[in-house]
Amino acid sequence: MQDQINTIRDDVLAQVEGVSDLKSLDDIRVAALGKKGQITGLMKQLGGLDPDQRREVGQELNRVKDAVQAAIDARKSDLERAELNRRLEVERVDVSLPPRPEMQGSVHPVSQVMDEIVAIFCEMGFSVAEGPDIEGDWLNFGALNIPDEHPARQEHDTFYLPAQSDDEARPVLRTHTSPVQVRHMLSSQPPIRIIAPGRTYRSDSDMTHTPMFHQVEGLVIDETTHMGHLKGCLRDFVEAFFQVDNVPMRFRPSYFPFTAPSMEIDIGCSFRDGELKIGEGDDWLEILGSGMVHPNVLRNGGIDPDKYQGFAFGMGIDRVAMLKYGIPDLRSFFDSDLRWLRHYGFRALDVPTLYGGLAR
Amino acid sequence: MKITLDWLKRHLETEATLDEIVACLNRIGLEVEGVEDRAAELAPFTVGYVVKAEQHPNADRLRVCIVETGSGEVQVVCGAPNARTGMKGVFAPSGTHVPGTGLDLKESEIRGVASRGMLCSEREMGLSDEHDGIIDLPEDTPVGASFAAISGLDDPIIEIGLTPDRGDCFSVRGIARDLAAAGMGTLKSLDTSPVPGTCKSPIDIELRFDEATRDACPAFIGRYFKGLTNGASPAWMQQKLKAVGLRPISALVDITNWLTMDLGRPAHIYDADKVKGTIGARIAEAGETFDALNDKSYETDDAMTVIFDDSGMLGLGGVVGGESTGADENTVNGFMEIALFDPIRTAATGRKLELVTDARQRFERGIDNAFAPEGMEMATRLVLELCGGEPSEVVTAGTVPTEQKTMSVRPSRILELGGIAIDKARAESILGDLGFGVSDAGDDLWSVTVPTWRHDMGCEADVIEEVLRINGFDEVPMVSLPREAPVARPVLSIRQKRVRWSRRTLASRGLNEAVTYSFVSSNHARMFGGGNQGLTLVNPISSDMDMMRPSVLPGLLEAVARNQARGMADFGLFEIGPAYASTEPEGQTTTVTGMRVGRSGARHWSQKERAVDVFDAKADAMAVLEAIGAPVENLQTTTDAPDWFHPGRSGVLRLGPKSLAVFGELHPQVVSALDASGPVAAFEIALESVPEPKSRAIARARLDVSPYQAVRRDFAFVVDSDVPAEKLLRAAKGADRALIREVSLFDVFEGERLGVGRKSIAIGVTIQPVKATLTDEELEALSDKVVAAVAKQTGGELRG
């Protein structure tokens, strides 16, 4: 019987060694270890042996059975690995093929720059106010100390809508964001620190003007804010916005009906080889108008000019976006040319923050 | 306005350089828009003497000239017919950049003869179009002298952009005064002493106004001159007038222009022999016409101020004089007008007639009224100097206002408002230099008299501004705003945050943000529910932009069409901006609008192409609503989208009866009417209609996670084709609110074997046991509830 065992063992192990597919391997397992298998058959014959022999042969059989099982398992694992490798080889693709396309969205530079401006002024304690695009004549002009005969009120500058009745002034498309100043003063009490970004309109259309553009208004009213604060606040803004330290700034006296004193603010820059650099060079670029709020405007806003004072400013958002990001043509802002939107636009997740920076 | 440096120095005693003056002008609010310094450009051009001009040996039309340049003789080949021996001309050596031609002069051989320079024409110098010959200078012109210097072209021109409040600086005198106050020199005095008349004026003046219109022309001063010689004005005057853009005409006319530019005092000269009877001013009658000095005719309305004589209207007061009585080279007797015209009427007249003149610009900003008599004396001196003759006594109608406005000003406001401490004496001296009178009127109180040329002093702050301005705004120390909170507080309102969430959601979904105009054509507006005449612009920039948009859709669709015309095919645009229902503030709403066109993605080797459709629009709309915190779970879809959508492929997302969003494919007719190609899948969300969350709690509700495994059961129902899927989903979900966590729809089809008008909807129901694993019986009971609920609410039957 011992010989028989050895023969079976050698035979099965040889078969296992020689097999090349899982199905045949399983056949071998069944033939050896299955219910009717050779080794199983020998196991069944153990009962006919005397106890000593039974123990001896039984142990031997179990060893052989374990060895065969181990050989089958090992072979199975080899064959499975080989088969997987074969499958993986078949699954090989050209990984240099382009992936499935996804549309790349973008945020318009005006929106992005508005967010940048809000981030900076929020840091300085300003909140964001808004007002309607269609304004009454009084809020757009009269309340801002702009007299009836002022050139800004003439039709060549202002878009008008039909009067509701003969004795009413015609509504206008706001020519600046300044009416939001008055609206805000009328609805709240000092101290006030607001900015008001939004759409503004002037009847002007050429290389450098579009009939609609964007402005941001600023207003600070309390008992002590003076021109030094105006200058400091706008310097702080300019340096944060353009991310340049010590930007040269020029404060030129000017005239706006709603401020006294009034000034225009230039920043130092250079134009070299068609490229604009902020913060260096001998040239100046005007970026905003500002001044100390005129007492008549405070009065029209329901605020006592003998007690309160402050400053206001107005800045072109499109213009500072052009300067900061080197965008050459204002008209292109409103043309919605996809090539432009994708090139000058910003990614959805580029949310401007002061900790992360206000430019990508 | 333009001034020249030399002209400025007639009023300002100064050692300052051009650059210093320019910097100072900017510093004090007289913005320099440009400086034209022709001396530099014309530096190589000098006076040359033609020693000899001989016929060119090889060319009939050329001459070979030997030119003495002052530093040696040079041979030049010249083609000008007037080149001749003994003349003096303008010589440019080789290497010179010739401004009129834009070329650099080279040494050359012309037909075999060497030429080492050029004798120039006016056109080559960039001075005029004159090219018939070379410039022929007077015999006594010094050889070798700079041409720019001897022709007065070396006087730099400064162009200043005046703000509308500074009428006083619409003159060389006014600018000199500001510069002097700012430390750039000393203002020279004017000789305004009266010139005695030698006779009475034969022409009288009449102001024919009533009480209501008297302010149209409060005063009119005249003076008659006899025995004049009205030739050309002298070179110094012509050069300066030309430099600032005026054409010299005759001495008398140039004098009036000189007064306007030099002193900001417009004047007018009549040929006295052409005037009939009395000269006067009155309000026009509508429809009077006259021929103006600019060779155009104008017609009046009944708000204008006209000058008249016995023959009728002569000119428009403060705007332009008339041809019929104009002075010319034959004028022997003249009548000078120095009058005061009301700024508002003058501006209105000029605007109505679209006529901008130097006089109008000054009157509408306000001139120095009190200066009128002195202006007449200065005019008289110039007339006598340049034209000879004799003046009459001055005739005056009306009253010249001379009183000065007095204001109370607190010196302490310089520091309080300006943020800079300026010595009181320094402040007083600045105001004094500007012509203000300053006297102490109490503790921290000045009594300030305002000079008659300053019409811009309305309040105390205006006077403070003058001190700060001349002292220099740049001197004010910068102070950062004091912080209100150690850490900045968030400032955006929920609405403002929603705008930002919407924007970044859509950009992250592949749409490109556009900004389009708030106005569209009224035609397009009407296609999208607009047409309110109250929103039609009175003065649109073009008919393409004549109405406030009722929706962002038309403008965005136009943008789509523009991009399609440029060859773009598959893309999405969005805009977050206003739409207008009325002119009231409440009529303006903020809408979030987007549209996709073409295929759902670019062509790709791995996937089948699919045109965008209503569900792309619905997905975008729902993504935005979800991002801004709308209760999307509770939304219902109705099929009543507006007409500009495809009737069968559009819907409205509602919260109860309230519409939050419309979505769908745009109507093909609308798409083609705007020259776009469809399909266009669009949505529009009215941001203000989305309710704000009731709770502002920051902490989240507690998350309860069941320890038991969720089970999924699939069902297929057959329902009538017109049953909305949403209704079936809602029925299934409502079958057991405690256990059913989610219902998803994974298949819809119609087919013959279901019968006509029937469709199959397959759903997966996810059941989440809460207290214990469900037994088979419990699951069976739950399935029965789902089937029953669907059957009851939709008539749906479980498909066998």
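The structure contained in this document is the topic of the report that follows. (Residues numbered from 1 in each chain as written. Chains lettered and ligands numbered in written order. Predicted model: local features only at pLDDT ≥ 70, side-chain atom pairs only at ≥ 80, totals over all residues. Heavy atoms only, no water.)

1. Describing the overall build of chain B
Basically, it comes down to this: Working definition: helices are DSSP H or I runs of at least four residues, strands are E runs of at least two. Numbering for both runs from the N terminus. Our radius of gyration looks at C-alpha atoms and nothing else; its globule reference is 2.2 Å times the residue count to the power 0.38. Each residue is placed in one exposure class: buried if its accessible area under a 1.4 Å probe, protein chains only, is under 20% of its type's maximum, exposed if it is over 50%, and partly exposed if it falls in between. Working definition of accessibility: Shrake-Rupley area with a 1.4 Å probe, residue cover restricted to the visible protein chains. Only four residue types enter the tally: Lys and Arg on the positive side, Asp and Glu on the negative side, with His and both chain ends excluded. Throughout, a charge is located at the NZ atom of Lys, the CZ atom of Arg, the CG atom of Asp or the CD atom of Glu.
When helices and strands are counted, chain B shows 20 helices and 41 strands. Taken over the C-alpha trace, chain B has a radius of gyration of 42 Å; the compact-globule value for 800 residues is 28 Å, which it surpasses by more than 25%. Overall, the C-alpha framework of chain B stretches about 130 × 85 × 60 Å when taken along its three principal axes. Burial statistics for chain B: of 800 residues in total, 52% are counted as buried. For chain B, the exposed surface amounts to about 36,100 Å²; the carbon and sulfur share of it is 49%. For chain B, the distance from the average site of its 85 positive side-chain charges to the average site of its 117 negative ones is 9 Å.

2. Here's the deal with the interface of chain B and chain A
Heads up, the rule is: Contacts are assigned to residue pairs that have any heavy atoms within 4.5 Å of one another. Two parts placed together each lose some accessible area under a 1.4 Å probe, and adding up what both lose gives the buried area. Basic side-chain nitrogens of Lys or Arg form a salt bridge, by our definition, when they fall within 4 Å of a carboxyl oxygen of Asp or Glu. For this analysis, a polar contact is any N or O atom pair within 3.5 Å, provided that within protein one partner can donate a hydrogen and the other can accept it, and provided that sequence-adjacent residues contribute only side-chain to side-chain pairs. The classification used treats Ala, Val, Leu, Ile, Met, Phe, Trp, Tyr, Cys and Pro as nonpolar, Asp, Glu, Lys and Arg as charged, and all other residues, Gly among them, as polar.
Counting residues at the interface gives 93 residues for chain B and 93 residues for chain A. The largest per-residue losses of area from chain B upon contact with chain A belong to Leu481, Arg504 and Val515 of chain B, which jointly make up 10% of the total buried on that side. The tally of links from chain B across to chain A stands at ten salt bridges. In this structure, Arg199 of chain A and Glu575 of chain B form a salt bridge, with 2.7 Å as the shortest nitrogen-oxygen distance. On inspection of chain B and its partner chain A, the count reaches 49 residue pairs in polar contact (both at pLDDT 80 or more). Looking at side-chain class alone, the side of chain B that touches chain A contains 41 nonpolar, 26 polar and 26 charged residues.

3. Some points on the pattern of salt bridges
Any two side chains of opposite charge can pair, on the condition that their charged atoms come close. All chains considered together, the criterion is met by 78 salt bridges over all chains. Close ionic contact of Asp335 of chain A with Arg562 of chain B constitutes a salt bridge, the shortest N to O distance being 3.2 Å. On the criterion of chain membership, the pair formed by Asp335 of chain A in the loop between α10 (317-325) and α11 (338-344) and Arg562 of chain B in helix α16 (residues 553-565) is interchain, its members lying in two chains. Taking the relative accessible area as the measure of exposure, Asp335 of chain A reaches 24% and is therefore partly exposed. Under the relative-accessibility criterion, Arg562 of chain B is labelled partly exposed at 28%. Its salt-bridge partner being Glu466 of chain B, residue Arg469 of chain B comes within 2.7 Å of it at the nearest N-O pair. Within this pair, Arg469 of chain B and its partner Glu466 of chain B are both found in helix α13 (residues 460-471), separated by three residues, close to a single helical turn.

4. Quick look at unusual backbone geometry
Cis peptide bonds are those with omega within 30 degrees of zero, and the linkage from Pro190 of chain A to Pro191 of chain A qualifies with 0°. Of note, the bond from Ala260 of chain A into Pro261 of chain A is cis; its omega dihedral lies within 30 degrees of zero at -5°. Here Asp295 of chain B, not a glycine, exhibits a phi torsion of approximately 70°, which is positive. Of note, Asp295 of chain B is situated in the loop between β19 (289-291) and β20 (297-299).

5. Brief notes about the sheet that holds strand β39 (residues 740-749) of chain B
Residue and element names in this part refer to chain B. For the record, the criterion: For two strands to be treated as a pair, DSSP must find no fewer than two bridges joining them. To obtain an axis, a line is fitted to C-alpha atoms, over the contacting stretch when the element is a helix, and the angle between two such axes runs from 0 to 180 degrees between their N-to-C directions.
Taken together, four strands build an open sheet; the order of strands is β39-β40-β38-β41 and the sheet is antiparallel. Among the strands making up the open sheet, the edge pair consists of β39 and β41 (797-798). Bridge analysis of strand β38 (residues 711-720) against β41 gives two bridges, and the strand direction is antiparallel. Bridged to Val718 within β41 is Glu797. The strands touched by helix α19 (residues 725-734) are β38, β39 and β40 (758-767); relative to β39, the strand with the most contacts, the crossing angle is about 145°.

6. Here's the deal with the side chain of His604 of chain B
By secondary structure assignment, the location of His604 of chain B is in the loop between β33 (588-597) and α17 (614-627). At 3.0 Å, the side chain of His604 of chain B and the backbone oxygen of Pro98 of chain A are in polar contact. Contacts of His604 of chain B, omitting those with residues within four sequence positions, involve Pro98, Pro99, Arg100 and Pro101 of chain A.

7. Focus on the environment of Lys424 of chain B
All names here are of chain B. Note that Lys424 resides in helix α12 (residues 424-433). Separated by 341 residues in the primary sequence, Lys424 and Ala83 place their C-alpha atoms 67 Å from one another. Once residues lying within four places of it in the same chain are set aside, the contact partners of Lys424 are Pro411, Asp440 and Trp446.

8. Describing the sheet that holds strand β34 (residues 636-638) of chain B
Residues and elements named next belong to chain B. Taken in spatial order, the seven strands of this open sheet run β29-β32-β33-β37-β36-β35-β34, and their pairing is mixed. The sheet is open, and its two edges are formed by β29 (512-513) and β34, each paired on a single side. Pairing geometry for β34 and strand β35 (residues 645-655), over three bridges, is antiparallel. Following the sheet pairing, Gln636 is matched in β35 by Arg654. Most of the contacts of α17 go to strand β37 (residues 680-686), to which it runs at about 25°, and overall it touches β33, β34, β35, β36 (658-666) and β37.

9. Brief notes about helix α5 (residues 172-181) of chain B
All names here are of chain B. In terms of burial, α5 is a largely internal element, ten of the ten residues being buried. All of the buried residues in α5 are Val172, Arg173, Gly174, Ile175, Ala176, Arg177, Asp178, Leu179, Ala180 and Ala181. Gly183 lies just past α5 and shows a positive phi near 90°.

10. Points about the pairing of strand β21 (residues 305-309) of chain B
Residues and elements named next belong to chain B. With five of five residues buried, β21 lies mostly within the body of the structure. Of the two faces of β21, the one carrying Thr305, Ile307 and Asp309 and the one carrying Val306 and Phe308 are both buried. Inspection of the sheet shows strand β18 (residues 279-283) paired to β21 by four bridges, in the antiparallel sense. Residue pairing in the sheet places Ile283 in a bridge with Thr305 of β21. Of the strand pairs in this sheet, β21 and strand β22 (residues 312-316) are connected by four bridges, and their pairing is antiparallel. Within β22, the position partnered with Asp309 by the bridge is Gly312. In textbook terms, the turn of a hairpin is the stretch between consecutive antiparallel strands, and for β21 and β22 this stretch comprises two residues.

11. Quick look at the packing of helix α14 (residues 494-508) of chain B against α17 of chain B
Residue and element names in this part refer to chain B. The criterion, for reference: The cut-offs work like this: below 35 degrees is roughly parallel, past 145 is roughly antiparallel, 65 to 115 is roughly perpendicular, and the gaps in between are oblique. Crossing handedness: left-handed means the near helix sits turned counterclockwise from the far one by under a right angle, and right-handed means the same turn made clockwise.
One way to put it is that α14 packs onto α17 with a least axis distance of 9 Å and a crossing angle of 140°. Comparing their axes, α17 and α14 come out oblique. For the pair α14 and α17, the crossing hand works out as right-handed. Contact residues: α14 offers Trp501, Ser502, Thr505 and Leu506, while α17 offers Asp620, Ala623, Val624 and Ala627. Broken down by class, the residue content of the contact of α14 with α17 amounts to five nonpolar, two polar and one charged.

12. Quick notes on the packing of aromatic side chains
We count it as follows: Aromatic pairing here means that ring centres of Phe, Tyr or Trp (its six-membered ring) are within 6.5 Å. Orientation follows from the plane angle: under 30 degrees is stacked, over 60 is edge-to-face, and everything else is tilted. Sitting over a ring, as applied to charges here, requires NZ of Lys or CZ of Arg to be within 6 Å of the ring centre and within 35 degrees of the ring normal.
With the rule as written, the count across this model stands at 21 aromatic pairs over all chains. Seen in terms of ring centroids, Phe121 of chain A and Phe126 of chain A are 4.9 Å apart; in terms of plane orientation they differ by 70°. Their pairing is edge-to-face. Summarising the burial analysis for this pair, Phe121 of chain A and Phe126 of chain A share the class buried. Pairing Phe334 of chain A with Tyr517 of chain B gives two aromatic rings, centres 5.4 Å apart and planes at 35°, and the pair type is tilted. In this pair, Phe334 of chain A is assigned in the loop between α10 and α11 and Tyr517 of chain B in the loop between β29 and β30 (519-520), connecting two distinct chains. A relative accessible area of 18% means that Tyr517 of chain B is categorised as buried. Positioned above the aromatic ring of Tyr160 of chain A, the side-chain terminus of Arg170 of chain A is 4.0 Å from the ring centre. Directly above the aromatic system of Trp453 of chain B lies the positively charged group of Arg177 of chain B, at a separation of 3.9 Å from the ring centroid.

These figures capture arrangement, not role.
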